[in-house]
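Given next are the chains, with one letter for each unit.
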Amino acid sequence: MNQNPRPSFELSRRQLLRYSGIGVAAVAGSSFLTACGEDGGGGGGGGGGPQASGGTLIHGATGGGAKDTIDPHQPVTAADIARVCNLYEPLLFWNNNYELEAALAESVEPSADAKTWTVTMRQGATFHNGQPVTAEDAWLSIRRVADPKAPLSAGGQLSQIIDFESSKVVDEATLQIVLNTPYAILDSLLAEYTLGIIPGGEFDPANPVGTGAFAYESFEAGKTSTFTKYADYWGDAAFLDELVIQDFADDNAKVNALQANQIQTLDNLPYNLIDTIKGAGGGVLEAQGGQWTPFTMRVDQAPFNDVRVRQAFRLIVDRQAMIDQTLSGYGSLGNDLYAPLDTAYASDLPQREQDIDQAKSLLAQAGAEGLQVELFTGDDIGSVAVPAANLFAEQAKAAGVEVKVTKKTPFYDDDYLSYTFAQDFWNTRNYIPQAVVGTFPPEQGGTYNETHWDNQEHRDLVNAAAKEVDEARRAELIRDAQEIEYNEGGLIIWGFRNQIDAHASNVQGLEPSKYLPLGNYKFSKVSV
Amino acid sequence: MTQVATLPDPLAEVAPPRGRSGGAAWGLWLARRLGLAALTMWLVSVLVFVATAALGDPVRAILGRDYDSNVARRQQLEDQLGVGDSLVSRYLDWLGGLVTGDLGTSLANQQPVWGQISSTVTNTLVLVLLSALVMIPLAFGIAMISAHFRRKRPDTVIQTVLLALAGVPEFVTGILLVALFSTSVFNIFPAVTLVAPGGSPWDEPKGMVLPVATLVLAVTPYVSRIVRATLLEVLDSDYVELARLKGIPEPVVMRRHALLNAIVPGIQVIALQLAWLAGGVVLVETLFAYPGVGKQLVDSVRNHDVPMVQALSMIIAGVYIVVNLVADVLSILLTPRARTAISS
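Going along each chain's sequence as written, the residues are numbered from 1 onward. As they are written, the chains are lettered A onward and the ligands numbered 1 onward, keeping that order. The predicted nature of this model means local features are confined to residues of pLDDT at least 70 and side-chain atom pairs, given and counted, to a pLDDT of 80 or more, with totals for whole chains, interfaces and linings taken over all residues. Hydrogens and waters are ignored; side-chain quantities use all the structure's heavy atoms.

**Quick word on the overall build of chain A**
Okay, step 1: Secondary structure elements follow DSSP: runs of H or I of four or more residues count as helices, runs of E of two or more count as strands, with numbering from the N terminus. Helix and strand content of chain A: 15 helices and 19 strands.
Okay, step 2: The globule rule used here is 2.2 Å times the number of residues to the 0.38 power, and the radius of gyration it is set against is calculated over C-alpha atoms. In terms of overall size, chain A behaves like a compact globule, its C-alpha atoms giving a radius of gyration of 23 Å where 528 residues would be expected to give roughly 24 Å.
Okay, step 3: Projected onto its principal axes, the C-alpha coordinates of chain A cover approximately 70 × 55 × 40 Å.
Okay, step 4: Contacts between residues were defined by any pair of non-hydrogen atoms, one from each residue, lying within 4.5 Å. Across chain A, contacts joining residues at least 24 apart in sequence account for 73% of those joining residues at least 6 apart.
Okay, step 5: For accessible areas, the Shrake-Rupley method is used with a probe of radius 1.4 Å. Any residue's cover is judged against the shown protein chains and nothing else. Summed over all atoms, the accessible surface of chain A reaches about 18,400 Å², with 46% contributed by carbon and sulfur.

**Remarks on a negative patch on the surface**
Okay, step 1: Within this analysis, patches are made of residues with over 30% relative accessible area and no salt bridge. Like charges are joined at 9 Å or less; nonpolar side chains (Val, Leu, Ile, Met, Phe, Trp, Tyr) at 5 Å or less. By definition, a salt bridge exists where a carboxyl oxygen of Asp or Glu is found within 4 Å of a side-chain nitrogen of Lys or Arg. Asp and Glu count as negative and Lys and Arg as positive, but His and the ends of the chain are not part of the count. Charge placement uses NZ in Lys and CZ in Arg. For Asp and Glu, CG and CD serve respectively. On the surface, a cluster of negative charge is made up of Glu-457, Asp-460, Asp-480 and Glu-488 of chain A.
Okay, step 2: Of all the elements in the fold, those that place two or more residues in the negative patch are helix H13 (456-467) and helix H14 (471-488) of chain A.

**Here we look at the environment of Thr-420 of chain A**
All names here are of chain A.
Okay, step 1: Mapped onto the fold, Thr-420 is located in the loop between strand S16 (402-407) and strand S17 (421-423).
Okay, step 2: For the exposure calls, accessible area comes from a 1.4 Å probe over protein chains only, and a residue counts as buried if that area is under 20% of its type's maximum, exposed if over 50%, partly exposed in between. Residue classification places Thr-420 among the partly exposed positions, given a relative accessible area of 24%.
Okay, step 3: Counting along the chain gives 44 residues from Thr-420 to Phe-376, while the straight-line C-alpha distance between them is 8.4 Å.
Okay, step 4: Contacts of Thr-420, omitting those with residues within four sequence positions, involve Thr-296, Met-297, Arg-298, Gln-301, Ala-302 and Phe-304.
Okay, step 5: Looking at Thr-420, its side chain comes within polar contact range of the side chain of Gln-301, at 2.7 Å. We define a polar contact as two N or O atoms separated by no more than 3.5 Å, with the added condition that, inside protein, one atom must be a possible hydrogen donor and the other a possible acceptor, whereas residues neighbouring each other in sequence contribute only through side-chain atom pairs.

**Side note on the pattern of salt bridges**
Opposite charge on two side chains permits them to pair, given that their charged atoms come into close proximity.
All names here are of chain A.
Okay, step 1: All chains considered together, the criterion is met by 23 salt bridges over all chains.
Okay, step 2: One salt bridge in this structure joins Lys-254 and Asp-251, with 3.0 Å as the shortest N-O distance. Here Lys-254 and its partner Asp-251 are both found in helix H6 (residues 251-259), 3 residues apart, which amounts to about one turn of the helix. Asp-251 carries the same exposure label as Lys-254, and that label is buried.

**Some points on the nonpolar core**
Okay, step 1: The criterion is simple. A nonpolar core is a set of buried Ala, Val, Leu, Ile, Met, Phe, Trp, Tyr and Cys residues joined through side-chain atoms within 4.5 Å. In terms of nonpolar packing, the biggest core is built from 212 residues, with Leu-91, Ile-177, Phe-313, Phe-392 and Val-401 of chain A touching the most fellow members.
Okay, step 2: Top element by residues in this core is helix H12 (residues 250-278) of chain B. It accounts for 15 residues.
Okay, step 3: Setting aside residues no more than four positions away along its own chain, Ile-177 of chain A makes contact with Lys-115, Thr-116, Trp-117, Val-119, Trp-139, Ile-142, Ile-162, Ser-167, Leu-186 and Leu-190 of chain A.

**Regarding a nonpolar patch on the surface**
Okay, step 1: Where nonpolar side chains cluster on the molecular surface, the patch consists of Leu-36, Leu-39, Trp-42 and Leu-43 of chain B and spans about 390 Å² of accessible area.
Okay, step 2: With respect to the element layout, Leu-43 of chain B can be found in helix H3 (residues 20-54).

**Focus: the side chain of Thr-296 of chain A**
All names here are of chain A.
Okay, step 1: Inspection of the secondary structure puts Thr-296 in strand S13 (residues 295-297).
Okay, step 2: Among the residues examined, Thr-296 registers a relative accessible area of 2% and is labelled buried.
Okay, step 3: Contacts of Thr-296, omitting those with residues within four sequence positions, involve Thr-420, Phe-421, Ala-422, Gln-423, Asp-424, Glu-450, Thr-451, Gly-490 and Leu-491.

**Here's the deal with the interface of chain B and chain A**
Quoted interface sizes are often the accessible area lost when the parts come together.
Okay, step 1: With 30 residues of chain B at the interface, the matching set in chain A holds 28 residues.
Okay, step 2: Of the roughly 2,300 Å² buried between chain B and chain A, counting both surfaces, carbon and sulfur atoms make up 56%.
Okay, step 3: At the surface where chain B touches chain A, the tally comes to 0 salt bridges.
Okay, step 4: Between the two partners, chain B and chain A, sit 7 residue pairs in polar contact (both at pLDDT 80 or more).
Okay, step 5: Of all the secondary-structure elements, those providing two or more residues to the side of chain B that touches chain A are helix H4 (58-63), helix H7 (113-148), helix H9 (170-183), helix H13 (282-287) and helix H14 (293-302) of chain B.
Okay, step 6: With 4 residues, H9 of chain B is the single largest residue contributor to the side of chain B that touches chain A. Note on definitions: buried area is the accessible-area loss of two parts on being combined, 1.4 Å probe, summed for both.

**Regarding the packing of aromatic side chains**
Residue and element names in this part refer to chain A.
Okay, step 1: Between rings of Phe, Tyr and Trp, where Trp is taken as its six-membered ring, a pair exists when centres lie within 6.5 Å; planes separated by under 30 degrees are stacked, by over 60 edge-to-face, and by other angles tilted. Under the criterion given, the structure shown has 27 aromatic pairs over all chains.
Okay, step 2: Measuring from centroid to centroid gives 5.6 Å for Trp-292 and Tyr-338, while their planes differ by 10 degrees, and the two rings are stacked. Of this pair, Trp-292 sits in the loop between strand S12 (283-291) and S13 while Tyr-338 is found in the loop between strand S14 (331-333) and helix H10 (356-365), placing the two residues 46 residues apart along the sequence. Neither residue differs from the other here; Trp-292 and Tyr-338 are each classed as buried.
Okay, step 3: Among the aromatic residues, ring-to-ring pairing joins Trp-292, Tyr-338, Phe-376, Phe-411, Tyr-416, Tyr-419, Trp-426, Tyr-431 and Tyr-448 into one connected group.
Okay, step 4: Directly above the ring of Tyr-486 sits Arg-352, whose terminal nitrogen or CZ lies 4.0 Å from the centroid.
Okay, step 5: It is Lys-522 that lies over the ring of Phe-93; its NZ or CZ is 3.8 Å from the centre. Note on geometry: a ring has a charge over it if NZ (lysine) or CZ (arginine) is within 6 Å of the ring centre and within 35 degrees of the ring normal.

**Some thoughts on unusual backbone geometry**
A negative phi angle characterises most non-glycine residues, just as the trans form characterises most peptide bonds.
Residue and element names in this part refer to chain A.
Okay, step 1: Look at the link from Ala-302 to Pro-303: it is a cis peptide, with omega at 0 degrees.
Okay, step 2: Positive phi outside glycine occurs at Asp-336, with the angle close to 60 degrees.
Okay, step 3: Even without being glycine, Tyr-521 reaches a positive phi, approximately 60 degrees.
Okay, step 4: As for its placement among the helices and strands, Tyr-521 is situated in helix H15 (residues 517-521).
Okay, step 5: On the accessibility criterion, Tyr-521 (1% relative accessible area) is buried.

**Comments concerning the packing of H7 of chain B against helix H8 (residues 153-167) of chain B**
Residue and element names in this part refer to chain B.
Okay, step 1: In this analysis, axes come from line fits to C-alpha atoms, helices being fitted only over the stretch in contact, and the angle between any two N-to-C directions falls in the range 0 to 180 degrees. Where H7 meets H8, the axes come as close as 8 Å, and the angle between the chain directions of the two elements is 140 degrees. Compared by their axis directions, H7 and H8 come out oblique. Seen from H7, the contacting residues are Ile-142, Ile-145 and Ser-146; seen from H8, they are Asp-155, Ile-158, Gln-159 and Leu-162.
Okay, step 2: Residues that form the contact of H7 with H8 fall into these classes: 4 nonpolar, 2 polar and 1 charged. Orientation labels follow simple angle bins: below 35 degrees gives roughly parallel, above 145 gives roughly antiparallel, 65 to 115 gives roughly perpendicular, and whatever is left gives oblique. Basically, the charged four are Asp, Glu, Lys and Arg, the nonpolar ten are Ala, Val, Leu, Ile, Met, Phe, Trp, Tyr, Cys and Pro, and anything else, Gly included, counts as polar.

**Considerations on the pairing of strand S8 (residues 214-219) of chain A**
Okay, step 1: Where S8 of chain A and strand S9 (residues 224-229) of chain A come together, 5 bridges link them in antiparallel fashion. Note on S9 of chain A: the bridge partner recorded for Phe-214 of chain A is Lys-229 of chain A. Should DSSP find at least two bridges between two strands, the strands are taken to pair.

**Side note on the sheet that holds strand S6 (residues 168-171) of chain A**
All names here are of chain A.
Okay, step 1: Pairing within the open sheet is antiparallel, and its 4 strands lie in the order S4-S5-S7-S6. Edge strands, defined here as strands with exactly one partner in the open sheet, are strand S4 (105-110) and S6. When the angles between neighbouring strand axes are averaged without regard to direction, this sheet yields 20 degrees.
Okay, step 2: Bridge analysis of S6 against strand S7 (residues 174-178) gives 3 bridges, and the strand direction is antiparallel. The residue bridging Asp-171 from the neighbouring strand is Thr-174, located in S7.
Okay, step 3: Against the sheet, helix H3 (residues 135-145) makes contact with strand S5 (116-121), S6 and S7, and its axis sits at roughly 30 degrees relative to S7, the strand it touches most.

This is how it looks when you write it as structure tokens:
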């Protein structure tokens, strides 16, 4: 139906695991969050002039179907995430700049050894049923997510580090979380959108209650859900009276609906339709993002067990061409390092560029001239993967490397994690949690260590950073860990995808966010 | 007009012979057809069940890599699907539920299947019905005009347009209609169907226009071309020639003599087309975000939602069988020779 490749936001089951997995992120800002003010009112987004109150906004969400859920702790598709973000709120927020902000907690502070964390609840926040939000509700919600027997999306890491016996609710407004190991970035785990606080930690599908700027009205899986403005919201109340979230299985239908003024916003606009929307007078919201589709080389298998071959392959890639051709130019350059949104991202390391001569010479040194390798790819990695693989094969010819691209359906089967040379998909995440899940041995938390990277020195640095409360010192440790990966790692990270969303011309108050589409789906700031 | 009455009327003349034997013969024939329909449904149920439940391991397909790690969920799914029981007893359980109207529980969201598909089935049937109401008179009208002007310019133009329409896939027609009437050129009709919670797609009648138009444009060429071809054949026949020689006006010849005899192949092709539409025109439903059977079936297959797939397959098969049965009955009632054959 579509001739043009388009970024698909459909999630495979494994991608789901990844979106959820260990929460996103290590800390950017200070762990000491005093009530830094929520920015006053909605900023100007679309047009000029003050924002008007009232009205209904219909949001066209990508994906969704019979599996849709309104459970605060198990969202999967973009439609689920949009609903959850407006109905529920976590203790902290990731703001548009991917920094932590106070939400239902006024502060989340660690002890000097990062083993005991004190959560101070916001005064005056209420649930949609009128009850005040207490530390007890927060603790029971965390327990639901981090149940060691069946941890939910945000609870993977939490369930392992929380000492459930020693943690306790001190009073109405104070929760003390005790860990069984020092963990300096617990606050970042508590800021996930998948960790909304619900009364008593109990989710009632028939009557979902949260604290967000919009309260539940109706929900039909795969179709429509409606929400009404919550007048007693603790922050700035929403401009809109009603929010409708409509599922769209098809990108064309979604874009047509926007053009016909049937919906006012949509997430994940296909790149090839950007000009169509702009031409029709609609608005396009572009945000720097952190999604990446790396090539993965197994460092424990020939030919990639020779670091020179790995470096040669990293020099073969023409990164800008990758971005131009597979992301239609809507991306930023990668430097074989992940977590570009982390404040400790090693941006001082020189940008790696295509250097065929150097690559040839490295291959010659490694005795690997005329190398032939098989590159595994598949549609279920995402729409970027197969074109990127084909482009790599093309680029490798210049260095005398013959790459045979093998498209597997499905890619994520029992062979996944054992391919010698393949691709993978990752959403944005800060350095420490990403390093653990992607580069540690499986028994130490590396669930998706595609490259079979096993480097004690690197691991020690990451572990030390996770325990380090001092931010500057932690950044230093993270930088050193990144340098090891930059010099020896098995990942070719050529770029990061930008987030593109669209809105009608009359929509005001939208701001691009690095975290989630459409300014973290915060429709409370939006007016029509 | 008086001459008309003297002509043999194909409908009036060969009515089934009255009397005990004729009625009994009709009853017997209908019973046989219904029995055959039931038998077909049963065979379909076996096929559907074998294809969805018995081949492969649905639980493994649903859980994938979690099969070994998530024991609780596996247990729950296996209980729900009755994996431990023998194939025959599972089939009989399922068939029993089907006959008593209990379609089971969806694996994807643990809601009763019927509650989820009843509205989509209705939506699809309404869409098909509306399309049929527009399409049938349109197709016959076009065929009559075309046959009337046979091999003259209007006929050539009509045939070319119909052939072009038949050659374009229905979703392309849909995309063009949307671009023309809702996004790029005019902004008259909604581009997609937005259904308010608890509402129906036809709550906003304007929203039905483009989906119906797309389906009508997709189906009309086939029906129209078949009817035209039959009409031409009939128009060449001796009795039409005779009617003309008797001086009956051409419109009357066309309506009463030709059309009635050309209607039977038309009914058959309409039935096939409608059944095809009822099976869910996934692409059209997707394009207009119309909450119909096709989209739901695709979603269910993707979710490995066995009970939903089974229920939807059975309903689609049921529609095929009913539509074809109705078409057969109509055809026979309209074919004197077949009528006599049955009643004698």
